[in-house]
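Each chain is listed here by its residues.
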Amino acid sequence: MFIIETVSISPIARIENDFTSKFGIPRQSGLVNGLVSRIVFEPEFRSPDALRGIEEFSHLWLIWQFSENVEKGWTPTVRPPRLGGNQRKGVFATRSPFRPNALGLSCVELVSVEQDPALGPVLVVKGADLMSGTPIFDVKPYVPFSDSRPDALGGFADKAYSYALKVDFPPHLAERVPAGKLEALIGILAQDPRPRYQHNPERVYGFPFAGLEIKFRVDENRLTVCDVLPAR
């Protein structure tokens, strides 16, 4: 007889960045290294002692929650967008957000540890694939000697992520992007934010980023930014 216990966990931190919606967020961590985020700890975890030695590591693992998907449940199979949305794979063979426990795992680069007078120690990281406000349940150091597997097989994911779009960003629109944000934005656009099964070259897509609404079209392998507007 097995006794199944319910485990209760609470967020230790939340992430802050330029994404206020899911659309446009990189589909995996590390794809857009220019994207900078801040990890702000909850009040009870703001002890500097809890982070002692973390600056010795270049990368971190984040364990977090797909908070926008918690109430949507899960299914045994899913349709990965990068496979065109028409091939089914087992949920445990994918990184779909529609999982039994809605947990995500991301590897990010640690840039610095800031001491904020009001928020305590704050981690500045690059390459996160989380929406601003996402709850984080744990932070662990990335340890190369055990975490890196150069000979690992990537399955169907290798082929699905082996391309990038050419981005045409008119200079007069690029000037509207806040200083220091343009590189990250171009990296996000190059990864093709659209669902893979959408191919209408006339359709204008948009997503909020850094207080702006970014409008774009995609024709073949070229993405063209149509407009950059203040977010509504």
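Provided above is the structure to which this section pertains.
Source: prediction; values computed, not measured.

Draft legend 1. Molecular detail of the side chain of D129. If you trace the backbone, D129 turns up in the loop between β7 (120–126) and β8 (135–141). Of the side chains with opposite charge, R95 lies nearest to the buried D129, which makes no salt bridge, at 6.4 Å. There is a polar contact of 3.2 Å between the side chain of D129 and the backbone nitrogen of S29. Within the structure, D129 has its side chain in polar contact with the side chain of S106 (distance 2.6 Å). Setting aside chain neighbours within four positions, we find D129 in contact with I25, P26, R27, Q28, S29, W64 and S106.

Draft legend 2. Local environment of a nonpolar patch on the surface. Taken together, the side chains of V7, I9 and L103 make up a nonpolar region of the molecular surface, amounting to roughly 290 Å² of accessible area. By the element assignment, I9 lies in the segment before β1 (13–16).

Draft legend 3. Quick peek at helix α4 (residues 182–190). Residues of α4 that are buried: A184, L185, I188, L189 and A190. Immediately downstream of α4, the backbone of D192 shows phi near 65°, a positive value.

Draft legend 4. Geometry of the pairing of strand β10 (residues 205–209). Along β10, four of the five residues are buried, which leaves the element largely enclosed by surrounding structure. The pairing of β10 with strand β11 (residues 212–219) spans five bridges and is antiparallel. Its bridge partner being in β11, F209 is matched across the sheet by L212. Between the antiparallel neighbours β10 and β11 lie two residues, among them A210 with a positive phi of about 55°.

Draft legend 5. Focus on the side chain of S96. Structurally, S96 is set in the loop between β5 (89–90) and β6 (103–116). Among the polar contacts listed, one links the side chain of S96 to the backbone nitrogen of F98, at a separation of 3.1 Å. The residues touching S96, leaving out its near neighbours within four places in the chain, are F66 and V78.

Draft legend 6. A look at the pairing of strand β12 (residues 222–230). Summarising the sheet, strand β9 (residues 166–168) and β12 pair through three bridges and their orientation is parallel. When the sheet's bridge partners are listed, D168 is paired in β12 with T224. Of the strand pairs in this sheet, β11 and β12 are connected by eight bridges, and their pairing is antiparallel. Counterpart to E213 in the pairing with β12 is L229. A loop of two residues connects β11 with β12, the two strands running antiparallel in sequence, and E220 in this loop sits at a positive phi of about 60°.

Draft legend 7. Up close: the sheet that holds β9. Reading across from one edge, β9-β12-β11-β10 is the order of the four strands in this open sheet, with mixed pairing throughout. Among the strands making up the open sheet, the edge pair consists of β9 and β10. Each adjacent strand pair in this sheet contributes to an overall mean axis angle of 30°, direction not counted. Its contacts with the sheet put α4 on β9, β10, β11 and β12, and the angle it makes with β10 is roughly 145°.

Draft legend 8. Representation of the nonpolar core. One finds F169, L185, L189, F207, F209 and I214 to be the most contacted residues of the largest nonpolar core, which totals 25 residues. For this core, the secondary-structure elements that each account for two or more residues are α3 (171–174), α4, β10, β11 and β12. Beyond its immediate chain neighbours, meaning those up to four positions away, F209 contacts D18, F19, L35, K181, L185, I188 and I214. Counting residues in hydrophobic clusters, the runner-up holds 20 residues, among them F41, L60, F66 and A102.

Draft legend 9. Structural context of the environment of R232. Counting through the fold element by element, R232 comes out in the segment after β12. With a relative accessible area of 92%, R232 lands in the exposed category. Once the C-alpha coordinates of R232 and A179 are considered, the two residues, 53 residues apart in sequence, prove to be 20 Å apart.

Draft legend 10. View of the packing of aromatic side chains. The tally for this structure, following the rule as stated, stands at eight aromatic pairs. On the numbers, 6.1 Å between centres and 50° between planes, the contact of F23 with F207 is tilted. Remark: F207 occurs in strand β10 and F23 occurs in the loop between β1 and β2 (36–41); sequence separation between them is 184 residues. Judged by its relative accessible area of 0%, F207 falls in the buried class.

Reading guide: rules and limits
Residues numbered from 1 in each chain as written. Predicted model: local features only at pLDDT ≥ 70, side-chain atom pairs only at ≥ 80, totals over all residues. Heavy atoms only, no water. Helix = DSSP H or I, 4+ residues; strand = E, 2+ residues; numbered from the N terminus. Buried < 20%, exposed > 50% of the residue type's maximum accessible area, 1.4 Å probe, protein only. Lys, Arg positive; Asp, Glu negative; His and termini not counted. Salt bridge = Lys/Arg side-chain N within 4 Å of Asp/Glu carboxyl O. Polar contact = N/O pair within 3.5 Å; in protein donor to acceptor, adjacent residues only side chain to side chain. Contact = heavy atoms within 4.5 Å. Patch = residues over 30% accessible without salt bridge, like charges linked within 9 Å, V, L, I, M, F, W, Y side chains within 5 Å. Areas by Shrake-Rupley, 256 points an atom, 1.4 Å probe, with all protein chains shown as cover. Pairing = 2+ DSSP bridges. Axes fitted to C-alpha atoms, helices over the stretch in contact; angles between N-to-C directions. Core = buried A, V, L, I, M, F, W, Y, C linked by side-chain atoms within 4.5 Å. Phe/Tyr/Trp six-rings, centres within 6.5 Å; stacked < 30°, edge-to-face > 60°.

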